[in-house]
Amino acid sequence: MLLSGHYGNPICARCALVARGYEVGGLLRAMSNPYSNARYVQNYRDVAEPVFVQGPGGLKALLRHVRGGGVLAMVFDVFDGSGVPIDFLGQPAPTVTSPADIALKTGALLIPYFGIRRADRYGFDTILEEPIEHGDPVEMMRDATRRLEARIKDDPGQWMWTHRRWKPKRQMKRQRKRAAATM
């Protein structure tokens, strides 16, 4: 399993691997606008199949693909209110553990990868890092987060994030609900 963030261009890295003969499936979260989503999904499919859209059906197909030895590429630096708070650039950010959970469930390696934009602004280099050691899913995602942070700190111009990653008000509301439920 290849794991990245919105840094450089992970889609270009996936394209480079596909061009070299690797079948690399892509996981994506559907957009709320159905017209934009249709084009978004088609763009992923134009790169290569298989494409798995987040949801129950996509998860089943994804697990079959990975268990069968297929490669999967995904990004993890998205807001998910049910995620575990992991420090990201000095702020706690809800972070999904599903990449680590899937890797543990299927026995797949979890390999951070990055499509780094070259100085000429046209080319990209695909960087594959050492796999994240299997263990506790939260610790695995902390390692993934640290690796993404290191890339961002090394070259912040490569980081492309247009969404609110932290959403502190929403996080505090969720923490109050969790605290009330445990009383």
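In what follows, the structure referred to is the one given above.
Rules and cut-offs
- Residues numbered from 1 in each chain as written.
- Predicted model: local features only at pLDDT ≥ 70, side-chain atom pairs only at ≥ 80, totals over all residues.
- Heavy atoms only, no water.
- Buried < 20%, exposed > 50% of the residue type's maximum accessible area, 1.4 Å probe, protein only.
- Helix = DSSP H or I, 4+ residues; strand = E, 2+ residues; numbered from the N terminus.
- Pairing = 2+ DSSP bridges.
- Axes fitted to C-alpha atoms, helices over the stretch in contact; angles between N-to-C directions.
- Patch = residues over 30% accessible without salt bridge, like charges linked within 9 Å, V, L, I, M, F, W, Y side chains within 5 Å.
- Areas by Shrake-Rupley, 256 points an atom, 1.4 Å probe, with all protein chains shown as cover.
- Salt bridge = Lys/Arg side-chain N within 4 Å of Asp/Glu carboxyl O.
- Lys, Arg positive; Asp, Glu negative; His and termini not counted.
- Charge placed at Lys NZ, Arg CZ, Asp CG, Glu CD.

Peer 1: How should the pairing of strand β7 (residues 111-117) be read in this particular structure?
Peer 2: Walk down a regular strand and you will see the side chains alternate between the two sheet faces. Of all seven residues in β7, six are buried; the element is thus mostly enclosed. Pairing of strand β1 (residues 2-4) with β7 involves two bridges; the strand directions are parallel. Within the sheet, the bridge partner assigned to Leu3 lies in β7 and is Pro112. In terms of strand pairing, β7 meets strand β8 (residues 124-128) through five bridges, oriented antiparallel. By the bridge assignment, Tyr113 is partnered in β8 with Leu128. Counted along the chain from β7 to the antiparallel partner β8, the turn is six residues long, and its residue Arg121 has a positive phi close to 70°.

Peer 1: What should I look at first to understand the sheet that holds strand β2 (residues 24-28) in this one?
Peer 2: Here we have six strands laid out as an open sheet, ordered β3-β2-β4-β1-β7-β8, and mixed in their pairing. At either margin of the open sheet sits one strand with a lone partner, and together these are β3 (51-53) and β8. Averaged over all adjacent pairs, the angle separating strand axes in this sheet is 25°, with direction ignored. Pairing analysis gives three bridges linking β2 to β3, with the strands arranged parallel. By the bridge assignment for β3, Leu27 is matched with Phe52.

Peer 1: Sorry if this is basic, but what is going on with a positive patch on the surface here?
Peer 2: Taken together, the side chains of Lys173, Arg174, Arg176, Lys177 and Arg178 present a region of like positive charge at the surface. Following the sequence through the fold, Arg174 ends up in helix α6 (residues 168-182). Assessed through its relative accessible area of 35%, Arg174 is described here as partly exposed.

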